[in-house]
Amino acid sequence: MVDHSKLRDPNAEYTMRDLSGETMCLTNRRGGVRDAEITDVQTTMVDGNYPWILVRVYTDAGVVGTGEAYWGGGDTAIIERMKPFLVGENPLDIDRLYEHLVQKMSGEGSISGKTISGISGIEIALHDVAGKLLEVPAYQLVGGKYRDEVRIYCDCHAGDESEPASNAKEAERVVSELGYDALKFDLDVPSGHEKDRANRHLRGPEIDHKVEIVKQVCETVGDRADVAFDCHWSFAGGSARRLAAALEEYDVWWLEDPVPPENHDVQKEITRSTTTPIAVGENVYRKHGQRTLIEQQAVDIIAPDLPRVGGMRETRKIADLADTYYIPVAMHNVSSPIGTMASAQVAAAIPNSLAVEYHSYQLGWWEDLVEEDGLIREGRMEIPEKPGLGLTLDLDAVAEHMVAGETLFD
């Protein structure tokens, strides 16, 4: 196996904006545990309903922080690659270390994608470390508290996603039996009327099928729950406009990602063409990527995925920018309890939070990964007052559910 931490990168070696503590001449003693240093960074991938990448940052103070990078292949190698840039650094300098990693990894694509996801996982772990060292919850590190508990919206799957009645039945179950008052269903499902799945065009019967899903779900739950619908970047601009217009008579919480994420000009036209609220943001990276969406008011709701787009402080910055345009934040989230709690900690600390997504309600052991119980009750996640993220990994459960071939943290 390649030791990615030993790879040579000329850009990283001579970058003029090296933000290491040594280069920045950070020599003053801070006192006590605030003089801690990072000694190691490790990862383990868990085989959940997504392949979750857990990240741990170790310190010479005996304090270990846990974070999570967005799921999938590649991040573990990228995080190993960045380890030499972190060892010996003070874990309390979260913002500097974030910018340090962005700069060091600039030649490997640190404006988006897997590199930013890897940095996000480290950044979350640093908040956990810092909270434990300073004996404060993570929300205190990103501004303090607006709410004791965060609203959770449940991403629902009916089994037969294409059947409107099945979606309506599952909506009723999730509301009446599980206690959620916020839901999301998929609309990018086969209707049986497709002629060409590549051209993004929606024919009339396809739109009618999607409207029927929305109609049956919304009429079933009534005013007992808010319901959003996800399109996963599937449709052409004209088709998205027609779909959004056809949904205007229904109480849709938001229509998510109706067009591909690259062209924000098209996204702006979709949003401005309809009274159906439009949400976008999980596939747009850092505050710089979100800026155009927000400043051009190309969204009604911004939906960053915290372990993917930049981490806790970066998501806080995105939320602050959105708040200057009075845009609320609904955090996309498909994470384990670690990433979910990181999102909830930030959601507790920003004024414009709508909800945080929960994508694992059908996975019976999601909560087993941590020692704490009852993380989500009646559609709400209470924010713990324990230091850091307030969660403790159950390493036995992590070992039981690791991806084949993976190794456990030390």
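Scroll up a little and you will see the structure.
(A) Main features of the overall build of the protein chain. Across its full length, the protein chain holds 14 helices and 13 strands. Relative to the compact-globule value of 22 Å for 410 residues, the protein chain shows a C-alpha radius of gyration of 22 Å, a close match. Projected onto its principal axes, the C-alpha positions of the protein chain cover 65 × 45 × 45 Å. Per-residue burial over the protein chain gives 57% buried out of 410 residues. For the protein chain, the share of sequence-separated contacts (at least 6 apart) that also reach a separation of at least 24 residues comes to 73%. Accessible area for the protein chain stands at about 16,500 Å²; split by element, carbon and sulfur atoms hold 47% of it.

(B) Region of interest: unusual backbone geometry. Of note, the phi angle at C25 is positive, near 60°, even though the residue is not glycine. Take C25: it is sitting in the loop between α1 (10-14) and β1 (38-47). For E378, which is not glycine, the phi torsion reads 50° and is therefore positive. Within the fold, E378 resides in the loop between β12 (376-377) and β13 (380-382).

(C) Structural view of the sheet that holds strand β2 (residues 51-59). The three strands lie next to each other as β1-β2-β3, forming an open sheet whose pairing is antiparallel. Of all the strands in the sheet, just β1 and β3 (64-69) have a single pairing partner and so form its edges. Ignoring which end each strand starts from, the neighbouring axes of this sheet average 25° apart. Where β1 and β2 come together, nine bridges link them in antiparallel fashion.

(D) Representation of the pattern of salt bridges within the structure. What the rule picks out here adds up to 31 salt bridges. E170 is paired through a salt bridge with R173; the nearest N and O atoms lie 3.0 Å apart. Of this pair, E170 and R173 both sit in helix α6 (residues 164-176), three residues apart, which is roughly one turn of that helix. For R173, a relative accessible area of 28% gives the class partly exposed. Several salt bridges converge on common partners, so that one network encompasses D155, K184, D230, E256 and E357.

(E) Main features of a negative patch on the surface. A surface patch of like charges, here negative, comprises D368, D373, D396 and E400. Residue placement: D373 occurs in the loop between β11 (353-358) and β12.

(F) Representation of the packing of helix α12 (residues 312-323) against helix α13 (residues 337-349) within the structure. With their axes 10 Å apart at the nearest point, α12 and α13 run at an angle of 35° to one another. Of the two elements, α12 crosses α13, and the hand of that crossing is right-handed. Residue-level contacts link M312, T315 and R316 of α12 to A342, Q345, V346 and A349 of α13. Within the contact of α12 with α13, the residues separate by chemical class into four nonpolar, two polar and one charged.

(G) Spatial organisation of the pairing of β2. The buried fraction of β2 is high, at eight of nine residues. Counted along the chain from β1 to the antiparallel partner β2, the turn is three residues long. Between β2 and β3, which pair antiparallel one after the other, the connecting turn spans four residues, and G62 there sits at a positive phi close to 80°.

(H) Geometry of the packing of aromatic side chains. Within the structure shown, the criterion is met by seven aromatic pairs. Judged by centre distance (5.0 Å) and plane angle (45°), the rings of Y50 and W71 are tilted. Separated by 21 residues along the polypeptide, Y50 in the loop between β1 and β2 and W71 in the loop between β3 and α2 (75-82) bring together distant segments of the chain. Among the residues examined, Y50 registers a relative accessible area of 18% and is labelled buried. Taking relative accessible area as the criterion, W71 reaches 29% and is therefore assigned partly exposed. Pairwise contacts between aromatic rings join Y50, Y70 and W71 into one cluster. Across from the ring centre of Y70, 4.3 Å away, lies the NZ or CZ of R308, which sits over that ring.

Conventions adopted
- Residues numbered from 1 in each chain as written.
- Predicted model: local features only at pLDDT ≥ 70, side-chain atom pairs only at ≥ 80, totals over all residues.
- Heavy atoms only, no water.
- Helix = DSSP H or I, 4+ residues; strand = E, 2+ residues; numbered from the N terminus.
- Rg over C-alpha atoms; globule rule 2.2 N^0.38 Å.
- Buried < 20%, exposed > 50% of the residue type's maximum accessible area, 1.4 Å probe, protein only.
- Contact = heavy atoms within 4.5 Å.
- Areas by Shrake-Rupley, 256 points an atom, 1.4 Å probe, with all protein chains shown as cover.
- Pairing = 2+ DSSP bridges.
- Axes fitted to C-alpha atoms, helices over the stretch in contact; angles between N-to-C directions.
- Salt bridge = Lys/Arg side-chain N within 4 Å of Asp/Glu carboxyl O.
- Patch = residues over 30% accessible without salt bridge, like charges linked within 9 Å, V, L, I, M, F, W, Y side chains within 5 Å.
- Lys, Arg positive; Asp, Glu negative; His and termini not counted.
- Charge placed at Lys NZ, Arg CZ, Asp CG, Glu CD.
- Left-handed = near helix turned anticlockwise from the far one by under 90°.
- Nonpolar A, V, L, I, M, F, W, Y, C, P; charged D, E, K, R; others polar.
- Phe/Tyr/Trp six-rings, centres within 6.5 Å; stacked < 30°, edge-to-face > 60°.
- Lys NZ or Arg CZ within 6 Å of the ring centre and 35° of its normal.

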